[in-house]
Amino acid sequence: MNLTYPEILALADSGLKAAGMDAVAAHETAQFLALAELDGLASHGLTRVAQYAGHAKNGRIELAPKLKVRPFKTSAALVDARDGLAFPALRFATDLSVNLASGNGLGLVAVTNSNHFGVAGHYVEAAARAGYISLLFGNTPAAMPMVGGAKAIFGTNPLAAAFPIAGADPLVIDMSLSAVTRGKLLVAAKNGQQIPEGWALSAEGKPTTDPQEGLKGLMVPLGGDKGALLALIVELLVVGLSGSRFSYEADSFFDPKGNRPRIGQLILTIDPGLSGPAVFASRIQDFLKVLSADAGIRLPGQRRFQRRKAGFKGGVTVSDVVVEEIQAGIRQSWAK
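Bear in mind the structure is a predicted one, so any value in this text is a computation, not a measurement.

Conventions we followed
- Residues numbered from 1 in each chain as written.
- Predicted model: local features only at pLDDT ≥ 70, side-chain atom pairs only at ≥ 80, totals over all residues.
- Heavy atoms only, no water.
- 1 Å grid on protein atoms, 1.4 Å probe; cavity = no way out; pocket = protein on both sides within 12 Å on 5 of 7 lines; lining within 4 Å.
- Points joined across faces, edges and corners; volume = space filled by probe spheres on them.
- Helix = DSSP H or I, 4+ residues; strand = E, 2+ residues; numbered from the N terminus.
- Nonpolar A, V, L, I, M, F, W, Y, C, P; charged D, E, K, R; others polar.
- Expected span 1.5 Å × (residues − 1).
- Buried < 20%, exposed > 50% of the residue type's maximum accessible area, 1.4 Å probe, protein only.
- Arc of directions from axis to C-beta.
- Axes fitted to C-alpha atoms, helices over the stretch in contact; angles between N-to-C directions.
- Parallel < 35°, antiparallel > 145°, perpendicular 65-115°, else oblique.
- Contact = heavy atoms within 4.5 Å.
- Core = buried A, V, L, I, M, F, W, Y, C linked by side-chain atoms within 4.5 Å.

**Overview of the layout of surface pockets**
The space that makes up the largest pocket amounts to roughly 1200 Å³. For the largest pocket, the lining is made up of 47 residues, of which Leu 41, Ser 43, His 44, Thr 181 and Lys 184 are closest to its centre. Breaking the lining of the largest pocket down by element, the ones donating at least two residues are helix 3 (47–57), strand 9 (168–175), helix 6 (182–190) and helix 10 (302–314). No other element matches helix 6, which puts five residues into the lining of the largest pocket. For the lining of the largest pocket, the residue count by class is 19 nonpolar, 17 polar and eleven charged. If you add up the space inside the second largest pocket, you get close to 240 Å³. Lining the second largest pocket are Tyr 5, Gln 31, Phe 32, Leu 35, Arg 91, Thr 94, Asp 95, His 122, Tyr 123 and Ala 126. If you list the elements that add at least two residues to the lining of the second largest pocket, you get helix 2 (23–38), helix 4 (86–104) and helix 5 (120–129).

Below you can see the structure in the form of structure tokens.
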């Protein structure tokens, strides 16, 4: 069915509140989920409402946490999400990193005791629209093996980077370090679809086109060994600086029961004026001119922004199965 942004936002908001979430946290989370739908990223949109509701029902999420902040020296801080939804914590951390970068040139903010945080690119995009370079790293429950291994050790560990462009949308690079995000398997499973071979392995380590088997098994690293090593770098950075759990210590997001994940995120925001007030902007424009000379090039993030613009205007197609799942949860009150 086709839904407008306000309709998607209201549905997500109502679903999260029906699960017992704090009203402010539910609304802030719903904003990010609705934006993901407009951006064409359904794997991080409404399909996550039932997941978060299941976690709430089984005590995996704190329903009304109070964030704690611990400053560190002049340009860094640690934000404790207190086991709540990650979206309010990471939104706060993004704003804090921008404020720190504004005063000190750099802003490094780690988030601990966190949860699934949606589209990594949304946070760095916000910082870039404020005029800053921004990078974000996060670990997730174990889904990929180390090089040479057959056991899930670290997560798909997404990373994102955004670069401001004067008078235009920023460049936003956003990727999971698995061949695809696990959320795509979740969407396929809910819609009764198969997945392409090469996305995931079964629990026995064999290629599979069954999304349910893939969710129980292993994700294939992006680019093979190199993707696994990049995921390891993210793991060590995030856990080392946030004090969060390692991926192998966090139970799967896709199981309503389990421990509180207590994973982490790390956002680094940079004032681009290091080499002079106008140097960064000038150099970026020079590079964009070279790229624009090749008609086949698509700048990272641009397709997402085009979809968003069209979605705000005419709405987007949303899975009937997912909508019905949320509506049923609201009627039955997931919190009970």
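The discussion continues.
**Things to note about helix 8 (residues 225–242)**
Each α-helix winds once per 3.6 residues, and so residues spaced three or four apart point in a common direction. Across its 18 residues, helix 8 extends 26 Å between first and last C-alpha, which sits within 8% of the 26 Å expected from 1.5 Å per residue. Among the residues making up helix 8, those that are buried are Gly 227, Ala 228, Ala 231, Val 234, Glu 235, Val 238, Val 239 and Ser 242. What you see down the axis of helix 8 is that its buried residues fit within an arc of 120°, all on one side. Of the residues in helix 8, the exposed ones pointing more than 90 degrees away from the buried face are Lys 226, Leu 236 and Gly 240. Remark: Gly 243 follows helix 8 within two positions and exhibits a positive phi of approximately 75°.

**A short note on the packing of helix 2 against helix 3**
Contact geometry for helix 2 and helix 3: axes closest at 10 Å, N-to-C directions at 150°. Judged by the angle between their axes, helix 2 and helix 3 are roughly antiparallel. The segment helix 2 lies against helix 3, with Thr 29, Leu 33 and Glu 37 engaging Thr 47, Arg 48, Val 49 and Tyr 52.

**A few points about the nonpolar core**
Ile 8, Leu 16, Met 21, Leu 46, Val 49, Tyr 52 and Leu 136 are the most contacted members of the largest nonpolar core, which totals 53 residues. Residues within four places of Val 49 in sequence aside, it is in contact with Ala 12, Gly 15, Leu 16, Leu 33, Ile 326 and Trp 334. Ala 143, Leu 159, Ala 188 and Ala 228 belong to the second-largest nonpolar core, a separate cluster that totals 20 residues.

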